[in-house]
Amino acid sequence: MSIVDEYDVIVIGAGHAGCEAAYAASTMGLQTCLVTIQLETIAQMSCNPAIGGLAKGHLVREIDALGGIMGRLADDTGIQFRLLNRSRGGAVQAPRAQSDKALYRLAMKNWLENVPNLTLFQGIVTEILIKNKKAIGISTLEGNRLLAKSVVLTPGTFLNGIIHIGLHSYSAGRANELSSHELGENLKKIGLNTFRLKTGTPMRLDNHTIEWDHFTPQPGDKKPVPFSFRTQKDLENKILCYIGYTNQKTHKVINKNLDKSPLYSGKIVGIGTRYCPSIEDKVVKFPERLRHQFFLEPEGLETSEIYVNGISSSLPLKVQKDVLKSIPGLDQAKILRSAYGIEYDAVIPTQLHHSLETRLIENLFLAGQINGTSGYEEAAAQGLMAGINAGLKVKKKRPFILRRDEAYIGVLIDDLITQGVEEPYRLFTSRAEYRLFLRIDNADKRLTPYGYKIGLIDEKDHEAFLKKQEKINKTMNFLRKETTPAENKDTLTLWNFLKKPEVKLKNVVKYKKFSVSLSDEEMRHVESEVKYEGYLKKQEKEIAKIRKVDGEKIPGDIEFRNIPGLTREVIEKLEEFKPRTIGEAKKMPGMTPAATMNLHVYMKIQKKKGQDRRNVPRGTLESDE
C-alpha cells in the first residue's frame, strides 16, 4: 500500500456525527479529510426525516451555540416547524422540524464542499493504522493509506451491519449500501470490546395511494421558532403531517405472524431501542393497548414518499402489507420502500475518555451510534465534540469537556462514559439534574463563549451574541428597578410582578415601556430567568458545592486498598486509572456514588489527621491512633 496523503485529522463516515466532526476540525484550521463510502449519501437521514424533539432539540441548540451546523441546515431545509411543550415551562420546551430529506443531504454536501481546509474523499476504510498504541491513519479497500495525527471514527450502523426483513437478511449498513465488515473486525483485533445493537425503520408509502381524510392533520406553528441563533429569516411551514392509529385488527395480524419476525424468532441477537420500538414490540409488550399512534410525515417537497413514524418493523413485506390493509385510509396504500430492522456492532463506550478518545488507542476518537446512541442529534453532538477534541489533540491543547451542569451534551457524554449502555441510548430532559439551567433559550449564553475561544464562532456572530446579552441584561436591570403603578393594590417591582404564574412579559409591557426591543426568543429567556430565579439560585449553590468536592486533589501516594467500603472492582479501577481529583474518580466506569463518598470521607479524615499532627506542640509525643 502506498501513502496517498497526510492530514491533521481524518474523519471516517459522513453521517451526522462525521459531518460535524469534519466541520469542527477544519474550521479550527486543521487540514481535515472526511472519508465516506458514498459521497452522494453525506448526511443521509436513514430514518425519520426530522430534526429535534424533546432533549434532542436542546442538543441541536447547543451544537449551534458552539458553532456547529445542524441547526442552520435544519432551519434552511425545514418544511414544518413546531415548538414542543409550548404551553409548559421554558426548561422542557424544545424545537422540532420536519426536514426535506433530499434537500438536507444536498445542503450538507454543498456546505462541506465549501469549507476551507476540508477534503471529501470517497473510499471504504478497512483498517485503522496504529503505531505504538497511537492511531496514525487509515487504509482503504482500494489499497490507499492516508496518514493523520488524529482519527475520528463515526461509522453509524455500518460496522458488520445486517438488514433483516422477515427471516431474510443480507449484509448492509443501510438499505442497499455496503456494510463495513473489515473495519468492524479490525476494531476487535486492536482490542476494542464491541456488542450488538439493533434499530429499524418503517415503510415509506406512496402519497397518492393514501386516503388522507381518514387522518387528523397536524399543522406546524403559526410563528415557527428556529433552531439556530443565527437564523434571521422568518421560517415557513410548507406541509402538513397527519396522525393515525392502529387497531385491534392490526394487532391480530401482527400476533399471528410473530413466528416470521426475526426479533421474536431469535434471529436478531442485538438489543433494540426501548424508546422507539417496532410495532411488533409495542403489540407484544403492551397487550392492553387497543391502539397505537403513528404519524404520516412527508419526506420532502419533491417526492411522494411518506414516512410512517410509529410503525417501524422487521416483519416480512407481505405482513407489512397486511398491516396496512387493516388500517382504514392505508388499506390501498402502496409501499415504495419496505420497513426493515438492522443489527450492527457498537463499541462499549466505557472504553472512552470524556474527550471521546479511546483509552486503549491514543489519537483515536469515536462518535455517534458506534458509542451506543440512537438519533441524529445525539450523533451530531458527539461528532462536534470528537472533532473539537481531535483538533485540540493535534494542537497539543487540553481536551474540551462539558460538565453535566453546563450542557445536555455534557449529560449525554457523561452518561455514556460512566454508565455505559445496554440498549441504544436516547437522551431525555429527565436525565439532566440541572435542566432548569439547560434551556434552549440560554444555550448561547452557556456555550457560545466556548465556541468563540475554540474558533468555531466567527467575529461577526460573536459580536451579535455580545449585543444580545447586553440587551437582555439591560432588560433585567429595568425589571428590577421599575415598579407597577402606584394605584395598584400592591406596588411591586416589575421583576416580582413577572414572577406571578399568570403574568407574561407582554403583560408587563402594558405598565412600563421597555428601553429596548426584544425578540420573542429573548422574551422567553427573560421570562424563564425571572420565574425560575429561586430554583436557579438553589441549584447554583448545589453546583458550587459539587464543583468544590470534584476539585479536591487525590494525593499521589494514596493507598486505595486502605479505604473502607470499596469493592475490589472499584479499587482495581482506581489503581488502573489513577484519578487526580474526586471529579475524575467520579467519572470512572463502575464508580458508584457510595464509592465516591467513601473516597471523599477518607481523604477528609486523612487531611484532618495531617493537620492535627502539624498542630502538635513541640516537646510532646503524639499518641498512636
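Conventions and cut-offs
Along each chain, residues carry numbers from 1 onward, in the same order as the chain's sequence is written. Predicted model: local features are reported for residues with pLDDT of at least 70 only, side-chain atom pairs are reported and counted for 80 or more only, and whole-chain, interface and lining totals are derived from all residues. Heavy atoms from the whole structure form the basis of all side-chain values; hydrogens and water molecules are not counted. Here a strand is any run of E in DSSP of at least two residues, a helix any run of H or I of at least four, and the numbering for each starts at the N terminus. In this treatment the radius of gyration is a C-alpha quantity, and the globule benchmark scales as 2.2 Å times the residue count to the 0.38 power. We call two residues in contact whenever any of their non-hydrogen atoms come within 4.5 Å of each other. To be clear on the numbers: accessible area is Shrake-Rupley with a 1.4 Å probe, and residue cover counts the displayed protein chains and nothing else. Positive charges come from Lys and Arg, negative ones from Asp and Glu, while His and the chain ends are left out of the count. Charge placement uses NZ in Lys and CZ in Arg. For Asp and Glu, CG and CD serve respectively. A 3.5 Å cut-off defines polar contacts: any pair of N or O atoms within that distance qualifies, except that in protein one atom must be a possible hydrogen donor and the other a possible acceptor, and neighbouring residues in sequence count only when both atoms are side-chain atoms. When DSSP finds two or more bridges between two strands, those strands count as paired. An axis is simply a line fitted to the C-alpha atoms; with a helix, the fit covers only the stretch in contact. Between two such axes, the angle follows the N-to-C directions and lies from 0 to 180 degrees. Residue count minus one, scaled by 1.5 Å, sets the expected span of a helix. Aromatic rings from Phe, Tyr and Trp, taking only the six-membered ring of Trp, are treated as a pair when their centres fall within 6.5 Å; an angle between ring planes under 30 degrees marks them as stacked, one over 60 as edge-to-face, and anything in between as tilted. When a residue's accessible area, from a 1.4 Å probe over protein chains only, is under 20% of the maximum for its type it is buried; when over 50% it is exposed; and in between it is partly exposed. Any carboxyl oxygen of Asp or Glu within 4 Å of a side-chain nitrogen of Lys or Arg constitutes a salt bridge here. Whether a set of points on the 1 Å grid over the protein atoms alone is a cavity depends on a 1.4 Å probe fitting there but being unable to get out, while an open set qualifies as a pocket with protein on both sides within 12 Å along at least five of seven lines; lining residues are those with an atom within 4 Å of a point. Grid points are joined across faces, edges and corners, and a volume is the space filled by probe spheres set on the points. Under this grouping Gly is polar, as are all residues other than the nonpolar Ala, Val, Leu, Ile, Met, Phe, Trp, Tyr, Cys and Pro and the charged Asp, Glu, Lys and Arg. Taken from the helix axis, the directions to the C-beta atoms give the arc we talk about.

S.K.: Could you clarify how one ought to interpret the overall build of the chain in this entry?
M.R.: The number of helices and strands found in the chain is 20 helices and 20 strands. For a compact globule of 625 residues, the expected C-alpha radius of gyration is about 25 Å, and the chain comes in at 27 Å, within 12% of that figure. A principal-axis box enclosing the C-alpha atoms of the chain has dimensions of 95 × 80 × 55 Å. Restricting to contacts in the chain with at least 6 residues of sequence separation, those with at least 24 account for 74%. Carbon and sulfur atoms make up 51% of the accessible area of the chain, which amounts to about 29100 Å² in all. The positive charge centre, built from 94 side chains, and the negative charge centre, built from 77, are 3 Å apart in the chain.

S.K.: Got a minute to help me understand the side chain of Glu-521 in this structure?
M.R.: With respect to the helices, strands and loops of the structure, Glu-521 is situated in helix α16 (residues 520-531). In this structure the side chain of Glu-521 is engaged in a polar contact, spanning 3.1 Å, whose partner is the side chain of Arg-524.

S.K.: Which parts of the structure should I look at to understand the sheet that holds strand β5 (residues 94-99)?
M.R.: The pairing of strands in a sheet happens through backbone hydrogen bonds and is either parallel or antiparallel. Read across the open sheet, the three strands follow the order β3-β5-β4; overall the sheet is antiparallel. Among the strands making up the open sheet, the edge pair consists of β3 (50-52) and β4 (78-84). Strand-to-strand twist of the sheet, defined as the mean angle between neighbouring strand axes without regard to direction, takes the value 15°. Strand direction decides the pairing type here: β3 and β5, joined by three bridges, are antiparallel.

S.K.: For this particular structure, what's the right way to read helix α13 (residues 459-481)?
M.R.: Each α-helix winds once per 3.6 residues, and so residues spaced three or four apart point in a common direction. Counted at 1.5 Å a residue, the expected span for α13 with its 23 residues is 33 Å, and the 33 Å between its end C-alpha atoms agrees. Residues of α13 that are buried sit in contact with α12 (443-454), α14 (494-498), α15 (505-508) and α16. For α13, the side-chain oxygen to backbone nitrogen distance between the N-cap and Lys-460 is 3.3 Å, and the N-cap itself is Asp-458.

S.K.: Looking at this model, I keep getting lost on the packing of aromatic side chains. Mind explaining?
M.R.: Remark: the centre distance and the inter-plane angle together describe each pair of aromatic rings, the angle taken between the planes. Counted under the stated rule, the structure contains four aromatic pairs. For the pair Tyr-23 and Trp-111, a centre-to-centre distance of 6.2 Å together with 70° between the ring planes defines the contact as edge-to-face. Linking Tyr-23 in helix α1 (residues 16-27) with Trp-111 in helix α4 (residues 101-113), this pair joins segments that are 88 residues apart in sequence. Residue class for Trp-111 comes out partly exposed when judged on its relative accessible area of 25%.

S.K.: I tried to follow the pattern of salt bridges on my own but got confused; where do I start?
M.R.: Should their charged atoms come close, side chains of opposite charge can pair. Per the counting criterion, the structure on display carries 41 salt bridges. As a salt-bridge pair, Asp-405 and Arg-547 come within 2.6 Å of each other at their nearest N and O atoms. Here Asp-405 is found in the loop between α10 (376-394) and α11 (408-419), whereas its partner Arg-547 is found in helix α17 (residues 533-550), with 142 residues between them in sequence. Note on Asp-405: relative accessible area 13%, which makes it buried. Classification of Arg-547 as partly exposed rests on a relative accessible area of 41%. For the salt bridge of Asp-550 with Lys-586, the shortest nitrogen-to-oxygen distance reads 2.9 Å. Taken together, the positions of Asp-550 in helix α17 and Lys-586 in helix α19 (residues 582-586) put the pair 36 residues apart, joining distant regions of the chain. A single salt-bridge network, built from bridges that share partners, covers Glu-185, Lys-188, Arg-196 and Asp-345.

S.K.: Teacher, can you tell me more about the pairing of strand β14 (residues 241-245) here?
M.R.: The buried count for β14 comes to four of five residues, which makes it a mostly enclosed element. In terms of strand pairing, strand β13 (residues 216-218) meets β14 through three bridges, oriented antiparallel. Opposite Gln-218, over in β14, you have Cys-241 as the bridge partner. With four bridges connecting them, β14 and strand β16 (residues 293-298) associate as antiparallel partners. When the sheet's bridge partners are listed, Ile-243 is paired in β16 with Phe-295.

S.K.: Please explain the pairing of strand β9 (residues 144-153) as it appears in this structure.
M.R.: Within a regular strand, the side chains alternate between the two sheet faces. Most of β9 sits out of view: seven of its 10 residues are buried. The pairing of strand β1 (residues 2-12) with β9 spans nine bridges and is classified as parallel. When the bridges of β9 are listed, Ile-10 appears paired with Val-151. In terms of strand pairing, strand β8 (residues 134-140) meets β9 through three bridges, oriented antiparallel. Across the sheet, Ser-139 pairs through a bridge with Arg-145, a residue of β9. Where β8 hands over to β9, the hairpin turn is made up of three residues, of which Gly-143 adopts a positive phi near 95°. Direction of pairing for β9 relative to strand β20 (residues 364-366): parallel, over a ladder of three bridges. Its bridge partner lying in β20, Val-151 is registered against Leu-364.

S.K.: Hey, could you run me through empty space enclosed by the protein in this one?
M.R.: Over the atoms rolls a probe the size of a water molecule, and in doing so it shows where empty space is left. The full count for this structure, using the stated rule, is two cavities of 30 Å³ or more. By volume, the largest cavity amounts to about 40 Å³. Lining the largest cavity are His-354, Met-385, Ile-401, Leu-402, Ile-409, Gly-410, Ile-413 and Asp-414. The biggest single contributor to the lining of the largest cavity is α11, with four residues. Residues of the lining of the largest cavity, tallied by class, amount to five nonpolar, two polar and one charged. One number sums up the size of the second largest cavity: a volume of about 30 Å³. Lining the second largest cavity are Gly-90, Gln-93, Ile-440, Asp-441, Arg-524 and Ser-528. Its residues placed into classes, the lining of the second largest cavity shows one nonpolar, three polar and two charged.

S.K.: Whenever I open this one, the side chain of Asp-405 confuses me. Can you help?
M.R.: In this structure the side chain of Asp-405 is engaged in a polar contact, spanning 3.2 Å, whose partner is the side chain of Arg-403. At 2.6 Å, the side chain of Asp-405 and the side chain of Arg-547 are in polar contact. Beyond its immediate sequence surroundings of up to four residues, Asp-405 is in contact with Tyr-434, Phe-437, Leu-438, Ile-543 and Arg-547.

S.K.: Could you clarify how one ought to interpret the environment of Leu-315 in this entry?
M.R.: Within the secondary structure, Leu-315 sits in the loop between β17 (305-312) and α9 (317-325). Note on Leu-315: relative accessible area 1%, which makes it buried. Each C-alpha atom, one on Leu-315 and one on Gly-166, is 4.5 Å from the other, the two residues being 149 residues apart in sequence.

S.K.: What is the right way to read the environment of Glu-572 from this model?
M.R.: Following the sequence through the fold, Glu-572 ends up in helix α18 (residues 568-577). Owing to a relative accessible area of 45%, Glu-572 belongs among the partly exposed residues under this scheme.

S.K.: What is the right way to read α17 from this model?
M.R.: For α17, with 18 residues, the first-to-last C-alpha span of 25 Å sits near the 26 Å given by 1.5 Å per residue. Along α17, the residues that are buried comprise Glu-533, Leu-536, Gln-539 and Ile-543. The buried residues of α17 occupy one face: seen down the axis, they fall within an arc of 115°. Residues of α17 that are exposed and angled more than 90 degrees away from the buried face: Lys-538, Lys-541, Lys-545 and Lys-548.

Take it as geometry only, folks, not as evidence of what the structure does.
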